[in-house]
Amino acid sequence: MAETIPIRLGVNVDHVATLRNARGGFHPDPIRAARIVIAAGAHGITMHLREDRRHIIDSDVERIKDLAAPLNLEMAATDEMVGIAARVKPHAVCLVPEKRTERTTEGGLDVIAGGTALQDAVRKLSAHSRVSLFVAPDAAQIEASRKAGAAVVELHTGTWCEAVMHRNEQAAAEEFRKLSEGARLAHALGLEVHAGHGLDFRTAELISTLPEIAELNIGHYMMGEAVFSGLELVIKDMLAAMARGRARVGRAA
Ligand code: PXP
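The paragraphs below set out a description of the structure included in this document.

The rules we used
- Residues numbered from 1 in each chain as written.
- Predicted model: local features only at pLDDT ≥ 70, side-chain atom pairs only at ≥ 80, totals over all residues.
- Heavy atoms only, no water.
- Helix = DSSP H or I, 4+ residues; strand = E, 2+ residues; numbered from the N terminus.
- Buried < 20%, exposed > 50% of the residue type's maximum accessible area, 1.4 Å probe, protein only.
- Contact = heavy atoms within 4.5 Å.
- Lys, Arg positive; Asp, Glu negative; His and termini not counted.
- Charge placed at Lys NZ, Arg CZ, Asp CG, Glu CD.
- Phe/Tyr/Trp six-rings, centres within 6.5 Å; stacked < 30°, edge-to-face > 60°.
- Core = buried A, V, L, I, M, F, W, Y, C linked by side-chain atoms within 4.5 Å.
- Arc of directions from axis to C-beta.
- Polar contact = N/O pair within 3.5 Å; in protein donor to acceptor, adjacent residues only side chain to side chain.

Scanning the protein for helices and strands turns up 10 helices and eight strands. By principal-axis analysis of the C-alpha atoms, the protein measures approximately 75 × 45 × 35 Å. Looking at the protein as a whole, 43% of its 253 residues qualify as buried. For the protein, the share of sequence-separated contacts (at least 6 apart) that also reach a separation of at least 24 residues comes to 64%. In the protein, 30 side chains carry a positive charge and 33 a negative one; their mean positions are 8 Å apart.

Below is the structure:
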């Protein structure tokens, strides 16, 4: 069995930016969220700069540089993104497949089909960042990631989380077996092993039982839960603001 290594939490703040962009202003600010995330004990911030800038925008990536915490920049292996990463020099870059029509990253990278173009991107990015490839827990893709020169693989947990959510026990057990074997193989090949997509409290606990996994990257579920953790306080603060206003009625402004 692999020696147990500490496990880190990287928090994806894309959905704070989604909410901000719904009104096109400045609130809620993903950088303010990132400060809270780090103060609460998380180990790093993940941002996905998409080609269509649907959530994180270029100025977010510039502004996050002032935060004293590692940035994991998720991006497609395009010339534009490789150029931005060369300027920003994030701690880590996670290469993901990207389709304009998808709601979120749907599958892992096809590292084999990526061929020399992908290898070239990994080589350029490795000059300033730790490069991670987001792959399905598939032996051929993990081996190809090693050959492509990546330092890290992030195993796609989405299929497993879907099966757990739909209580499809057989599929969940099969996917978990793949994740477990994939983590072992990647670790044996000398790759650092991360995992992410679709994780919630339960699946994060279960995946943390795999001793080779060094980092989880989680976003959507935690931002959803944060609404419920914070809503009561915000309602009380708003009622207090309204009451203060009413108390001023009839007084000089
Ligand atoms: N890891 C990668 C590579 C991703 O693309 C995403 C989604 O942006 C995540 C982790 C986080 O997934 P979720 O928001 O479902 O927790």
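Take the packing of aromatic side chains next. Applying the stated criterion across every chain, the model contains two aromatic pairs. Here the aromatic rings of Trp160 and Phe176 are separated by 5.3 Å at their centres, their planes lie at 45 degrees, and the arrangement is tilted. In this pair, Trp160 is assigned in helix 7 (residues 158–165) and Phe176 in helix 8 (residues 169–188), connecting sequence segments 16 residues apart. Of the residues examined, Trp160 reaches a relative accessible area of 2% and is grouped as buried. Judged by its relative accessible area of 23%, Phe176 falls in the partly exposed class.

Ile45, Met47, Met75, Leu95, Leu133 and Ile207 are the most contacted members of the largest nonpolar core, which totals 61 residues. Here Ile207 is in contact with Thr157, Trp160, Phe176, Leu179, Ala195, Leu199, Ile213 and Leu216, once residues within four sequence places are set aside.

Of the positions making up helix 6 (residues 139–148), those classed as buried are Gln141, Ile142, Ala144, Ser145 and Ala148. Each buried residue of helix 6 lies within a common arc of 160 degrees when the element is viewed along its axis, so the set occupies one face. Next to the buried residues of helix 6 lie helix 5 (111–126), strand 5 (130–135), strand 6 (152–156) and helix 8. Taking the backbone nitrogen of Ala140 as reference, a side-chain oxygen 3.2 Å away marks Asp138 as the first, capping residue of helix 6. With its phi angle positive at about 95 degrees, Gly149 sits one or two positions after the end of helix 6.

Another point: the side chain of Glu192. You can see Glu192 is positioned in strand 7 (residues 192–196). In this structure the side chain of Glu192 is engaged in a polar contact, spanning 2.7 Å, whose partner is the side chain of Arg8. Those residues in contact with Glu192, other than ones at most four positions away along the chain, are Arg8, Arg130, Ala151, Val152, Val153 and Ala214.

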